[in-house]
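The primary structure of each chain is shown beneath.
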Amino acid sequence: MSERCEWCESQHAKHTTNLVHWELPDGSRAIEISDTPCISCPDCGISYQSEQTINEIENQLLLIAVKELPNRVAYEELMKWKRHLKRNYFDFT
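Residues numbered from 1 in each chain as written. Predicted model: local features only at pLDDT ≥ 70, side-chain atom pairs only at ≥ 80, totals over all residues. Heavy atoms only, no water.

Would you mind showing me how to read the nonpolar core here?
Where a protein is soluble and globular, its nonpolar side chains tend to be buried together. Counting residues in each nonpolar core, the largest one holds 13 residues, and the members touching the most others are Trp 22, Ile 31, Ile 33, Ile 57, Leu 61, Leu 69 and Leu 78. Elements with a contribution of two residues or more to this core: strand S2 (13–23), strand S3 (30–40), helix H1 (51–63) and helix H2 (75–80). Once you skip the residues sitting within four places of it in the chain, Leu 69 turns out to touch Leu 24, Arg 29, Ile 31, Leu 61, Ile 64, Leu 78 and Trp 81. Ranked by size, the runner-up nonpolar core spans five residues in total, among them Ala 13, Ile 39, Cys 41 and Tyr 48. (Core = buried A, V, L, I, M, F, W, Y, C linked by side-chain atoms within 4.5 Å. Buried < 20%, exposed > 50% of the residue type's maximum accessible area, 1.4 Å probe, protein only. Helix = DSSP H or I, 4+ residues; strand = E, 2+ residues; numbered from the N terminus. Contact = heavy atoms within 4.5 Å.)

I tried to follow the side chain of Gln 49 on my own but got confused; where do I start?
Looking at where Gln 49 falls in the secondary structure, it is placed in the loop between strand S4 (47–48) and H1. With residues near it in sequence (within four places) discarded, Gln 49 still touches Asn 18, Val 20, Thr 36, Pro 37, Cys 38 and Ile 54.

Can you walk me through the packing of aromatic side chains in this structure?
Inspection of every chain in the model, using the stated rule, returns one aromatic pair. Here the aromatic rings of Trp 7 and Tyr 48 are separated by 6.4 Å at their centres, their planes lie at 70°, and the arrangement is edge-to-face. Taken together, the residues span a long stretch of sequence, with Trp 7 in the loop between strand S1 (2–3) and S2 and Tyr 48 in strand S4 at a distance of 41 residues. For Trp 7, a relative accessible area of 59% gives the class exposed. (Phe/Tyr/Trp six-rings, centres within 6.5 Å; stacked < 30°, edge-to-face > 60°.)

Which parts of the structure should I look at to understand H1?
The periodicity of an α-helix, 3.6 residues per turn, causes residues three or four positions apart to be oriented the same way. Look at H1: 18 Å from first C-alpha to last across 13 residues, which is about the 18 Å you get at 1.5 Å a residue. Turning to H1, its buried residues number three or more, namely Thr 53, Ile 57, Gln 60, Leu 61 and Leu 63. Looking down the long axis of H1, one finds its buried residues gathered within 165° of arc, a one-sided arrangement. In H1, the exposed residues that point more than 90 degrees away from the buried face are Glu 51 and Gln 52. Elements in contact with the buried residues of H1: S2, S3 and H2. (Expected span 1.5 Å × (residues − 1). Arc of directions from axis to C-beta.)

How do you make sense of the pairing of S3 when you look at a structure like this?
On any regular strand, side chains alternate: one points to one face of the sheet, the next to the other face. As paired strands, S2 and S3 are joined by nine bridges and run antiparallel to one another. Among the inter-strand pairings, Lys 14 is bridged to a residue of S3, identified as Ser 40. Following S2, the chain reverses through six residues before pairing antiparallel with S3; Gly 27 in that reversal takes a positive phi of roughly 75°. The pairing of S3 with strand S5 (residues 72–74) spans three bridges and is parallel. In the strand pairing of S5, Glu 32 is matched with Arg 72. In this structure, S3 lies alongside S4, joined through two bridges in antiparallel fashion. Bridge pairing links Ser 40 to Ser 47 in S4. If you look at the hairpin formed by S3 and S4, you'll find six residues sitting between the two strands, and Gly 45 has a positive phi there, around 80°. (Pairing = 2+ DSSP bridges.)

Now the structure itself:
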């Protein structure tokens, strides 16, 4: 499925996955998250996460015990990680 690239506005961007490095909310370290959903544009060469994916990752990292996370984790595994909180009580949207 093609999508418009947010950077160059090409209509050839595609949904795929990539490897990202993410700083934990407590700032203690960064982790690698593999197979992270992204939008990749063959015209400008950029790959980026959608706002939805960014929010999902940030929210999940606030709800789990990040000290238990390994330095490398797959996106799906991260999203299934046992939560210590039911929801993000600081998200008022």
